[in-house]
Each structure stands twice: as C-alpha cells, then as structure tokens.
Amino acid sequence: MTDDTADSSGSSRHDRIRRHPTPGARNSLAHWTSAKHPLRVAINYIFVWLARISPSLRLRRWCLRRIGVTVGTGVSWGLEATPDTFWPELITLEDHAIVGYDATLLCHEFLQDEYRTGEVVVGERAMIGAGAIVLPGVEIGADASVAANSLVTQDVPPGTTVAGVPARPMGGHSSDQSDGDDGAAGSE
C-alpha cells in the first residue's frame, strides 16, 4: 500500500483533505489566526488539557464533546492522548473505540503555502496504540488496530492491524497474533 492507495470506495485520505491557500511569502502557520479564532483555540486547549490529565474516562469524554469531538458510547481516551486543538470537531470516535496513552489525532497540517484540514474517523471497537499519530483525512475501520508509535498516513481497513512509520498492514488477523501482543492499545 502506498499513501496514494485508494480504499474500497475509491478515495484516499488526500481526496478528503480540504486545501486552504494562504497569501504572501509567510508560511501558513503564520496565518493561523485567520484560520481559526484565537479565543476558540484557547478554549479548545483548556478542554484538551483537561481531557489529557483527567483520571476519569467520563470527564475525558465530556471534555472532548465540549470541543466538538463526536464521541460514541463506551469510548476510552487514554491519558495524555491529544485531539486536534484547532479542528477537534473533525474527529469522530465511534462506539467502544480506544485511543491509547499519548496518541495524537491531527485534523490539520500547516504547510508553506497552504494549510489542510480533514476528518479523522476511528471506527467502532478500533484501537489506536500508545504514542501513535493519525494524520488528517484518515479513516480507521471497525475492529482495526494501530500499533504503538505508528504514523498513520492512510486509511486502515476494518479488522486490519497496522504498525510502523508509515504504518503498514501486519500479518493475518488470527494465527499471526496468537501471542496477544500486537503492540496496539494495550487494553488487556
């Protein structure tokens, strides 16, 4: 699979990314206050900080919902995990998804001449391992697993386990993982 590989619907994460050109010679991050109101980002940051440090899963889910994240039933958000602070409303966490310790879900990329935004969808019962980073526009399918410290640059099909930088599919779903240690969210 390459970063440009299309999923079964015929679209890749790049097809779902919205591009926002920025004027002038300065890089797009220098224009961030035109992209999102600073007060909104500051409020988001406070709720992100609370969601990162709270020992309560219920409080973490409440904080995520306050900033616009779509949070399904039974979602587990790990300590120190970070949702996108600029566009958290582009994140969907479906029922019983797990986002592991210190994982990051990004919905934006600031580049030289433009910034890009894209939804991140974590499917039902999907797991994202500790320290993993998910890029904008990525969809992680139901029952999929992302190994710890992986960089997810493309969609993860349902039931698939991916690992690495960039994340690539691992072996089969049954016998290849018989030892139960696939490096995913570690919820055992």
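The preceding data block contains the structure.
Residues numbered from 1 in each chain as written. Predicted model: local features only at pLDDT ≥ 70, side-chain atom pairs only at ≥ 80, totals over all residues. Heavy atoms only, no water.

1. Observations regarding the sheet that holds strand 16 (residues 161–163)
- What the 6 strands build is an open sheet, ordered 3-6-11-14-16-17; its pairing is mixed. If you trace the sheet from one side to the other, it starts and ends with strand 3 (76–77) and strand 17 (168–169), each paired once.
- Across 2 bridges, the pairing between strand 14 (residues 145–146) and strand 16 is parallel. The residue of strand 16 that forms the bridge with Ser145 is Thr161. (Pairing = 2+ DSSP bridges. Helix = DSSP H or I, 4+ residues; strand = E, 2+ residues; numbered from the N terminus.)

2. Examining helix 3 (residues 57–66)
- Among the residues of helix 3, those classed as buried are Arg60, Arg61, Cys63 and Leu64. Buried residues in helix 3, looked at end-on, bunch into an arc of 160°, giving them a common side.
- Summarising the contacts, the buried residues of helix 3 are in contact with helix 2 (38–53), strand 2 (70–71), strand 3, strand 4 (82–83) and strand 5 (91–93).
- Measuring from the backbone nitrogen of Arg58 back to the side-chain oxygen at the start of helix 3 gives 3.3 Å, which picks out Ser56 as the cap.
- Downstream of helix 3 by one or two residues, Gly68 has phi in the positive range, about 105°. (Buried < 20%, exposed > 50% of the residue type's maximum accessible area, 1.4 Å probe, protein only. Arc of directions from axis to C-beta. Contact = heavy atoms within 4.5 Å. Polar contact = N/O pair within 3.5 Å; in protein donor to acceptor, adjacent residues only side chain to side chain.)

3. Re the packing of aromatic side chains
- The full count for this structure, using the stated rule, is 7 aromatic pairs.
- Taking 6.5 Å as the distance between ring centres and 50° as the angle between the ring planes, the aromatic pair formed by Trp87 and Phe110 counts as tilted. You can see Trp87 sitting in the loop between strand 4 and strand 5 and its partner Phe110 sitting in strand 8 (residues 108–110), a full 23 residues away along the chain. Per residue, the accessibility class of Trp87 equals that of Phe110, and both read buried.
- What links up through ring pairs into an aromatic cluster is the set Trp32, Phe86, Trp87, Phe110 and Tyr115. (Phe/Tyr/Trp six-rings, centres within 6.5 Å; stacked < 30°, edge-to-face > 60°.)

4. Some remarks on the sheet that holds strand 1 (residues 18–21)
- Strand order in the open sheet formed by 3 strands is 1-9-8, with antiparallel pairing between adjacent strands. Strands with a single pairing partner mark the edges of an open sheet, and in this sheet they are strand 1 and strand 8. Strand-to-strand twist in this sheet, taken as the mean axis angle between neighbours without regard to direction, amounts to 15°.
- Relative to strand 9 (residues 114–117), strand 1 is paired through 4 bridges, and the arrangement is antiparallel. (Axes fitted to C-alpha atoms, helices over the stretch in contact; angles between N-to-C directions.)

5. As for the environment of Asn44
- Summarising the element assignment, Asn44 is placed in helix 2.
- The class for Asn44 is buried, based on a relative accessible area of 1%.
- As a C-alpha pair, Asn44 and Phe86 span 42 residues in sequence and 7.4 Å in three-dimensional space.
- Ignoring anything within four residues of it in the chain, the contact list for Asn44 reads Ile67, Thr85, Phe86 and Pro88.

6. Things to note about the nonpolar core
- Residues Leu93, Leu105, Ile128 and Ile140 are the most contacted members of the largest nonpolar core, which totals 40 residues.
- Elements that contribute at least two residues to this core include exactly helix 2, helix 3, strand 5 and strand 10 (120–122).
- Broken down by element, the residue count for this core peaks at 4 residues, all from helix 2.
- Residues within four places of Leu93 in sequence aside, it is in contact with Leu64, Val69, Thr70, Val71, Gly72, Val75, Trp77, Val99, Leu105 and Val122. (Core = buried A, V, L, I, M, F, W, Y, C linked by side-chain atoms within 4.5 Å.)

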